Amino acid sequence: MTLRPILIHPDPRLKKTCDPVTDFDTALAALADDMLETMYEAPGIGLAAPQIGVMNRLLVMDCVKEEGGTPEPMALVNPKVVWESEDKNVYEEGCLSIPGQYAEIERPKMVRVQWQDVTGKAHEEEFDELWATCVQHEIDHLNGTLFIDYLKPLKRQMITRKMQKLKREQARA
Ligand code: ZN
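Residues numbered from 1 in each chain as written. Predicted model: local features only at pLDDT ≥ 70, side-chain atom pairs only at ≥ 80, totals over all residues. Heavy atoms only, no water.

Undergrad: Just to check I follow, could you spell out the coordination of the zinc ion for this structure?
TA: Each donor-metal-donor angle would ideally measure 109.5 degrees in four-coordinate tetrahedral geometry, or 90 or 180 degrees in six-coordinate octahedral geometry. Protein ligation of the zinc ion involves Cys 95 (SG), His 137 (NE2) and His 141 (NE2), the donor distances falling in the range 2.1 to 2.3 Å. Linear spacing of the donor residues for the zinc ion on their chain is C-x41-H-x3-H. Note that Cys 95 is positioned in the loop between strand S4 (88-93) and strand S5 (103-108) and His 141 in helix H2 (residues 129-142), a separation of 46 residues in sequence. Given the relative accessible area of 1%, His 141 is considered buried. (Donors = N, O, S within 2.8 Å, 3.2 Å for Na, K, Ca; no water. Helix = DSSP H or I, 4+ residues; strand = E, 2+ residues; numbered from the N terminus. Buried < 20%, exposed > 50% of the residue type's maximum accessible area, 1.4 Å probe, protein only.)

Undergrad: For this particular structure, what's the right way to read the state of the cysteines?
TA: A covalent bond between the sulfur atoms of two cysteines is what we call a disulfide. Counted according to the given criterion, the structure contains 0 disulfides. A disulfide-free cysteine, Cys 18 has its sulfur positioned 13 Å from the sulfur of Cys 95, the nearest such atom. Sulfur of Cys 134: no disulfide; nearest cysteine sulfur belongs to Cys 63 and is 3.7 Å away. (Disulfide = S-S within 2.5 Å.)

Undergrad: Explanation requested: the packing of aromatic side chains in the structure shown.
TA: Given two aromatic rings, their pairing is described by the distance between the two centres and the angle made by the two planes. Taken as a whole and judged by the stated rule, the model has 2 aromatic pairs. Relative to Phe 127, the ring of Trp 115 has its centre 5.8 Å away and its plane inclined at 40 degrees; by these criteria the two rings are tilted. Separated by 12 residues along the polypeptide, Trp 115 in strand S6 (residues 110-116) and Phe 127 in strand S7 (residues 122-128) bring together distant segments of the chain. Considered together, Trp 115 and Phe 127 belong to a single accessibility category, that of buried residues. (Phe/Tyr/Trp six-rings, centres within 6.5 Å; stacked < 30°, edge-to-face > 60°.)

Undergrad: How should the sheet that holds strand S2 (residues 58-61) be read in this particular structure?
TA: Within a sheet, adjacent strands bond to each other through the backbone by hydrogen bonds, running parallel or antiparallel. If you trace the 5 strands from one edge of the open sheet to the other, you get S1-S2-S3-S6-S7, paired in antiparallel fashion. Only two strands of the sheet have a single neighbouring strand rather than two, namely strand S1 (46-48) and S7. Strand-to-strand twist across the sheet, computed as the mean angle between neighbouring axes with direction ignored, equals 40 degrees. Examined bridge by bridge, S2 and strand S3 (residues 74-84) share 4 bridges and lie antiparallel to one another. Opposite Leu 58, over in S3, you have Val 77 as the bridge partner. Strands S1, S2 and S3 of the sheet are contacted by helix H1 (residues 26-41), whose axis makes an angle of about 40 degrees with S2. Strands S1, S2, S3, S6 and S7 of the sheet are contacted by H2, whose axis makes an angle of about 155 degrees with S2. (Pairing = 2+ DSSP bridges. Axes fitted to C-alpha atoms, helices over the stretch in contact; angles between N-to-C directions. Contact = heavy atoms within 4.5 Å.)

The structure is reproduced here in structure tokens:
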């Protein structure tokens, strides 16, 4: 397994719609493993392929946060929300591509999602609470949407300027 560098906003690759995965080969399974390792190392609870510059519809997540909890790594290929609850939920969201920035975002509290695993097998499951927020945040990435896109323009611009500064500092280091 290999740790992959995570792209930092702003980056044109984080604003693009990703292509469906069509080849369920060993390279796909290896990519999902790399993404999980990169996510755990960061550490984070979700990571989408475009965040490491791979423009395909693949995300990984594990929202088990309790100390000593059993990890539940998931890799979702070509995920699609097929139902969302009218009940909303607000979580303070962050993003590995926007380090150090957090904001409260309202989303449907529950969603039902269809996806394929890395072997191509179809799955459908309902997600609730943090898992629901996480899967929606990650699916957004596959459509070029970031959580800051839900914020007012001024706040979004402020965060973007901070990230530009961070990237300049990283480039110099
Ligand atoms: Zn994110």
